[in-house]
Amino acid sequence: MEELPKCPKCGSEYTYEDGALLICPECAHEWSGTQNEENSEDIVVHRDTNGVILSAGDTVTIIKDLNVKGAGFTAKRGTAVRNISLASNPEQIEGRVNGVKIVLLTCFLKKS
Ligand SMILES: [Zn+2]
């Protein structure tokens, strides 16, 4: 048997399960005990320089002139990058600049 977590509200040990919910009989607090464990991994959140969450398909603006390694050009400040895709690294997205698909660091981007 798995041990149930204590009530986060009053610390009671006498919690019990009711479906996906955990219930405390002492203060009647109900909460979902398993959700955090299941969702804590594999979630990568991409944020722009202002902390705004980025999603695939968003348009972002480059806020700094960036030398694109290997592509031989500079991605100019103010350039809009449309229809971005998210990389597995939370600090990177991919998008097309000058027709070339490049990796961009989210800290140099602002959501449009
Ligand atoms: Zn309680």
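Position numbers for residues start from 1 in each chain and track the written sequence from start to end. Residues qualify for local features only when their pLDDT is at least 70, as the model is predicted, and side-chain atom pairs are given and counted only at 80 or more; totals for whole chains, interfaces and linings, by contrast, use all residues.

### Quick word on the overall build of the chain
No. 1: Along the chain, the regular secondary structure elements total one helix and 13 strands.
No. 2: Every helix listed is a DSSP run of H or I at least four residues long, and every strand listed is a run of E at least two residues long, numbered separately from the N terminus. Mapped from its N terminus to its C terminus, the chain presents α and β elements in the order β-β-β-α-β-β-β-β-β-β-β-β-β-β.
No. 3: Buried means a residue has 20 or more other C-beta atoms within 10 Å of its own C-beta, exposed means 12 or fewer, and partly exposed covers the counts in between; C-beta atoms are placed from the backbone. Relative to its full complement of 112 residues, the chain shows a buried share of 16%.
No. 4: Think of it this way: build a C-beta for each residue from its backbone, and any pair within 7 Å is a contact. Summarising the internal contacts of the chain: among those between residues at least 6 apart in sequence, 34% fall at separations of at least 24.

### With respect to the environment of glutamate 17
No. 1: Along the chain, glutamate 17 turns up in strand S1 (residues 16-18).
No. 2: Note on glutamate 17: 12 C-beta atoms within 10 Å, which makes it exposed.
No. 3: Setting aside its immediate chain neighbours within four residues, glutamate 17 contacts Leu4 and Leu22.

### Focus: the environment of isoleucine 62
No. 1: Tracing the backbone shows isoleucine 62 in strand S6 (residues 60-62).
No. 2: Separated by 44 residues in the primary sequence, isoleucine 62 and threonine 106 place their C-alpha atoms 9.2 Å from one another.
No. 3: Those residues in contact with isoleucine 62 that lie beyond four places of it in its chain are Ala75, Lys76, Arg77, Gly78, Thr79, Val81, Phe108 and Leu109.

### Considerations on unusual backbone geometry
No. 1: Although it is not a glycine, alanine 28 sits at a positive phi angle of roughly 65 degrees.
No. 2: Inspection of the secondary structure assignment puts alanine 28 in the loop between strand S2 (21-23) and strand S3 (30-32).
No. 3: Residue classification places alanine 28 among the exposed residues on the basis of 10 C-beta atoms within 10 Å.

Scope: geometric values only; no functional claims are made or implied.
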